[in-house]
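If you want the building blocks of each chain, they are given just below.
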Amino acid sequence: MTRRTFIRGAGLAGVLAAGSAPAIVHAQTTLRWRLASSFPKSLDTIFGAADVFAKKVGEMTGGKFQISVHAGGELMPPFGVVDAVKEGTVEIAHTAPYYFHGKDEVFALGCAIPFGLNSRQMTAWMVEGNGLKLMREFYRGYNIINFPGGNTGAQMGGWYRKEVKSLADIKGMKMRIGGFAGRVLERMGGVPQNIPGGEIYQSLEKGTIDAAEWVGPYDDQKLGFNKVAPNYYYPGWWEGGPQLDFYINTKSFDALNPEYKAIVECAAAVAHVDMQAKYDAKNPGALRELVKGGTKLFRFPKDVMDAAFKESMSIYAELGSKNANWKKVYEDYSNFRREQNLWFRFAEAGFDDFMQSQKF
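Residues numbered from 1 in each chain as written. Predicted model: local features only at pLDDT ≥ 70, side-chain atom pairs only at ≥ 80, totals over all residues. Heavy atoms only, no water.

Caption draft 1: Up close: a nonpolar patch on the surface. On the surface, a cluster of nonpolar side chains totalling about 520 Å² of accessible area is made up of Phe351, Phe354, Met355 and Phe360. With respect to the helices and strands, the residue phenylalanine 351 is situated in helix H15 (residues 347–355). (Patch = residues over 30% accessible without salt bridge, like charges linked within 9 Å, V, L, I, M, F, W, Y side chains within 5 Å. Areas by Shrake-Rupley, 256 points an atom, 1.4 Å probe, with all protein chains shown as cover. Salt bridge = Lys/Arg side-chain N within 4 Å of Asp/Glu carboxyl O. Helix = DSSP H or I, 4+ residues; strand = E, 2+ residues; numbered from the N terminus.)

Here is the structure:
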């Protein structure tokens, strides 16, 4: 048997076991992609997920697949990343899908909607439910394939220059609030502002806005919001479990070999878990420091929560009658949410309720 016949008959696995491999295995050229983030580099949590992803891709390919990570505004405005990926200006972006609900409200379902899924439920819908399938069908219209790329967990309700004692205090309030929630705030009498993370502090300091939300204690402390707005509210009813995504240009992804496609998927999964772990580990200490420094914690008044819930459900029903994409995805999302809440109210909520009443 000649060596050529042996290679053709045994296949790649047999060749590798024999200690020699076809030239194609060794001849892969270095691949370089650019990743555009919607976030500033100063936030090692939310921006850091892109760094984790890029590093893992490099490690798993022996340095042959290099991804350079660029902060929001470096290659394009923070909210310009969807168009950039769609047009192939960059191969990949890391962002919060709900930033783009103005293009189509379905984008918000890929991230977070008011009174939606928590972080574990969101991952379950994506991985074991129909979430990933439905969102990928939707994203095809934007030349995008998505991979879950992190979650912050339930967020805080933001920083307010004045206390919110009732729903009446929302009237006329100018608030930086992300994504879809601005529509709900508007119906409650507020004035939503969509401002990138790196520009929020200046707006709050100058009084251009009356309130702002970002994520939670660790990021918020870094951004210095406590210095200009001492009243810190919870919960962030609009972000019970916001998922970040890696958006990849479909042509760029399809051009990858099967090994690299699998590596991208695995690296995204690592980044997804890493972000949530960072927030859960870092938020408690940051919250303690904020309170020690004079931050005042408040729970939203019941009438604020009730009004927000009512307006949210009303908006979802309206969208179902005029947006076919929304109707299709939200129906599945809503059914999944119903089942998850049925389960979580028992074991999870029961355990949490008991544990959080104990002193350690």
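Caption draft 2: Main features of the pattern of salt bridges. If you walk through the whole model with that rule in mind, you get 11 salt bridges. Aspartate 83 is paired through a salt bridge with lysine 103; the nearest N and O atoms lie 2.9 Å apart. A residue pair is termed long-range when its members are at least 10 positions apart, and aspartate 83 in helix H4 (residues 81–87) and lysine 103 in the loop between strand S3 (92–95) and helix H5 (106–109) qualify at 20 residues. What makes lysine 103 partly exposed here is its relative accessible area of 38%. Salt-bridge contacts for glutamate 213 lead to arginine 176; the nearest nitrogen and oxygen are separated by 2.7 Å. Within this pair, whereas glutamate 213 is found in the loop between strand S8 (211–212) and helix H10 (217–223), its partner arginine 176 is found in strand S6 (residues 174–176), the two being separated by 37 residues in sequence. When sorted by exposure, glutamate 213 lands in the same class as arginine 176, which is buried. Via salt bridges that share partners, Lys133, Glu137 and Lys328 belong to a single interconnected network. (Buried < 20%, exposed > 50% of the residue type's maximum accessible area, 1.4 Å probe, protein only.)

Caption draft 3: Quick look at the packing of aromatic side chains. Summed over the entire model, instances satisfying the criterion amount to 32 aromatic pairs. Judged by centre distance (5.1 Å) and plane angle (85 degrees), the rings of tryptophan 125 and tyrosine 333 are edge-to-face. Highlighted residues: tryptophan 125 in helix H6 (residues 119–127) and tyrosine 333 in helix H14 (residues 324–344), separated in sequence by 208 residues. Here tryptophan 125 and tyrosine 333 have matching classes, each one buried. For tyrosine 333, a relative accessible area of 1% corresponds to the buried category. Aromatic ring contacts, followed pair by pair, group Phe39, Phe79, Tyr98, Tyr99, Phe100, Phe107, Phe138, Tyr139, Tyr142, Trp214 and Tyr247 into a single cluster. The aromatic ring of phenylalanine 147 is capped on one face by arginine 136, whose charged end is 4.6 Å from the ring centroid. (Phe/Tyr/Trp six-rings, centres within 6.5 Å; stacked < 30°, edge-to-face > 60°. Lys NZ or Arg CZ within 6 Å of the ring centre and 35° of its normal.)

Caption draft 4: Layout of the sheet that holds strand S5 (residues 158–160). One open sheet accounts for 6 strands, arranged S7-S6-S8-S5-S9-S11; its pairing is mixed. Two strands in the sheet have a free side with no partner beyond their single neighbour: strand S7 (191–193) and strand S11 (296–299). (Pairing = 2+ DSSP bridges.)

Caption draft 5: Broad picture of the confidence of the model for the protein chain. Averaged over the protein chain, the pLDDT score is 92; the fraction of residues at 70 or greater is 92%. When the criterion is pLDDT under 50, residues 1–27 qualifies, and its contacts beyond four places in sequence or with other chains add up to 14 contacts. (pLDDT = per-residue confidence, 0-100. Contact = heavy atoms within 4.5 Å.)

Caption draft 6: Geometry of the environment of isoleucine 144. Along the chain, isoleucine 144 turns up in strand S4 (residues 144–151). Excluding residues that lie within four positions of it along the chain, isoleucine 144 makes contacts with Val82, Val85, Tyr139, Tyr247, Ile248 and Thr250.

Caption draft 7: Representation of the environment of leucine 43 within the structure. Here leucine 43 shows up in the loop between strand S1 (31–37) and helix H3 (48–60). Here leucine 43 falls in the buried class, since its relative accessible area comes to 0%. What leucine 43 contacts, discounting residues up to four positions off in sequence, is Gly48, Trp214, Asp219, Lys222 and Leu223.

Caption draft 8: A look at empty space enclosed by the protein. Overall, the coordinates contain 2 cavities of 30 Å³ or more when judged by the stated rule. A volume near 90 Å³ is recorded for the largest cavity. Along its surface, the largest cavity is lined by 15 residues, and Ile46, Tyr98, Tyr99, Gln155 and Glu239 are the ones closest to its centre. Looking at the lining of the largest cavity residue by residue, the class counts come to 10 nonpolar, 2 polar and 3 charged. One number sums up the size of the second largest cavity: a volume of about 50 Å³. Lining the second largest cavity are Tyr160, Ile170, Met175, Ile177, Leu185, Met188, Trp237, Trp238, Phe300 and Val304. Taken together, the residues of the lining of the second largest cavity sort by class into 10 nonpolar, no polar and no charged. (1 Å grid on protein atoms, 1.4 Å probe; cavity = no way out; pocket = protein on both sides within 12 Å on 5 of 7 lines; lining within 4 Å. Points joined across faces, edges and corners; volume = space filled by probe spheres on them. Nonpolar A, V, L, I, M, F, W, Y, C, P; charged D, E, K, R; others polar.)

Caption draft 9: Inspection of unusual backbone geometry at higher detail. The amide bond that connects tyrosine 234 to the next residue, proline 235, takes the cis arrangement and shows omega of -5 degrees. Mapped onto the secondary structure, proline 235 falls in the loop between strand S9 (231–234) and strand S10 (243–249). Its identity is not glycine, yet asparagine 143 carries a phi of approximately 60 degrees, on the positive side. Here asparagine 143 lies in the loop between helix H7 (131–139) and S4.

Caption draft 10: Layout of the nonpolar core. Counting 106 residues, the largest nonpolar core has Phe53, Ile67, Trp125, Tyr160, Trp214, Phe246 and Trp326 as its most contacted members. Here this core takes 9 residues from helix H12 (residues 258–292), the largest share from any one element. (Core = buried A, V, L, I, M, F, W, Y, C linked by side-chain atoms within 4.5 Å.)

Caption draft 11: Seen up close, the layout of surface pockets. The computed volume of the largest pocket comes to approximately 1,400 Å³. If you go around the largest pocket, you meet 40 residues; those closest to its centre are Asn118, Ala154, Gln155, Pro235 and Gly240. Listed by contribution, the elements that provide at least two residues to the lining of the largest pocket are H6, H12, helix H13 (302–322), H14 and H15. When residues of the lining of the largest pocket are assigned to their parent elements, the largest contribution, 6 residues, is made by H12. When its residues are assigned to classes, the lining of the largest pocket shows 18 nonpolar, 14 polar and 8 charged.

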